[in-house]
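Close look at the chain arrangement
Listed here are the chains, written in short residue letters.
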Amino acid sequence: MKRTIFGLIFLFVFGVGYAQTYTALNGPYGGSPRKIVDGGGGTIYSIAQSSGVLKSTNGAASWTASNTGLTNLNVNDLIRDSGTGKLYALTSSQVFTSTDNGANWVLTANTGFSSGLFIRKTSTFLFIVSWNGTVYRSSNDGITWSQVNTFTGYPKDFEVNASGNLFIVTEANGVYRSTNNGLNFDALGSTNGLTDTY
């Protein structure tokens, strides 16, 4: 009985302590936020539905639109190259880039891919995963694109690890992995410890 009471007190005290580490911030406003990207030095970027790119330079206390040159505000994904600071914004049919911390955007590509949902960068390629199960690749920093593979299932996430391996998480078909820059994908399942493909 004493152990049970002590356990409840422990959970209450420490649970309350952990719950108080979150603070409500202002925004970003203008649409449903889809992603937060760390810009370094207290700068944070966000993409919001139909509002393009939003930027905060004070730790998310306030936000401003950062859309100069961004002719399509329906941005599906945003990434930042930590080495160069270059930003890549993806719409369903366009790639925009910024080399001045989002102050200005340049249309880099609007052909060679379609239905773009996620964009990721490795040391040698840029990749786009589309919502219809297609993987596109660019070897010239997003200027031109070519289809390299397909997969089954609606993509929920797309990530690249430190080794440059690609991982696509799907809604009902598990995880796909590529270790050769998208040329081949292996379906990861129960033999890899993934017992639930949902």
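Our structure's up above, just so we're on the same page.
Predicted model only: the values in this text are computed from it and were never measured. Each chain carries its own residue numbering, running from 1 in the direction its sequence is written. Local features in a predicted model are, by the rule used here, given only for residues with pLDDT of at least 70; side-chain atom pairs are given and counted only at 80 or more, and totals for whole chains, interfaces and linings are based on all residues. Water and hydrogen atoms were dropped before computing side-chain values, which therefore reflect all heavy atoms in the structure.

1. Quick look at the sheet that holds strand β7 (residues 95–98)
To summarise the sheet geometry, strands pair through backbone hydrogen bonds and adopt either a parallel or an antiparallel arrangement. Across the sheet, four strands lie side by side as β5-β6-β7-β8; this open sheet has antiparallel pairing. Each having just a single partner strand, β5 (77–80) and β8 (106–109) make up the two edges of the open sheet. Averaged over all pairs of adjacent strands, the angle between their axes in this sheet comes to 25°, without regard to strand direction. A pair of strands is labelled paired if DSSP reports no fewer than 2 bridges between them. The way it works is that DSSP assigns letters per residue, a run of H or I at least four long becomes a helix, a run of E at least two long becomes a strand, and they are numbered from the N terminus. Pairing of strand β6 (residues 87–90) with β7, which is carried by four bridges, proceeds in the antiparallel orientation. The angle between two axes is taken between their N-to-C directions and runs from 0 to 180 degrees, where each axis is a line fitted to C-alpha atoms and a helix contributes only its stretch in contact.

2. A closer look at the environment of T144
Here T144 shows up in the loop between β11 (134–138) and β12 (146–150). Remark: the alpha-carbon pair of T144 and N110, spanning 34 residues in sequence, is separated by 8.9 Å. Beyond its immediate chain neighbours, meaning those up to four positions away, T144 contacts R137 and S138. Pairs of N or O atoms are called polar contacts if they sit within 3.5 Å, as long as, within protein, a hydrogen donor faces a hydrogen acceptor (for residues adjacent in sequence, only side-chain-to-side-chain pairs). Engagement of the side chain of T144 in a polar contact is seen with the side chain of N140, the distance being 2.8 Å. The contact rule is simple, with two residues in contact once any of their heavy atoms fall within 4.5 Å.

3. What about the pattern of salt bridges?
Pairing between side chains becomes possible if they bear opposite charge and their charged atoms approach one another. Any Lys or Arg side-chain nitrogen found within 4 Å of a carboxyl oxygen on Asp or Glu counts as a salt bridge. This model, assessed by the stated rule, comprises seven salt bridges. Close ionic contact of D81 with K121 constitutes a salt bridge, the shortest N to O distance being 3.3 Å. Remark: K121 occurs in strand β9 (residues 116–121) and D81 occurs in the loop between β5 and β6; sequence separation between them is 40 residues. Buried residues are those whose accessible area, probed at 1.4 Å on protein chains only, stays under 20% of the maximum for their type, while exposed residues exceed 50% and partly exposed ones sit between those limits. Judged by its relative accessible area of 31%, K121 is partly exposed. Measuring nitrogen to oxygen at the nearest pair gives 2.5 Å for the salt bridge that ties D141 to K86. Of this pair, D141 sits in the loop between β11 and β12 while K86 sits in the loop between β5 and β6, placing them 55 residues apart in sequence. Residue classification places D141 among the partly exposed residues on the basis of a relative accessible area of 29%. Through salt bridges with shared partners, a single network forms among K35, D77, R120, D157 and E159.

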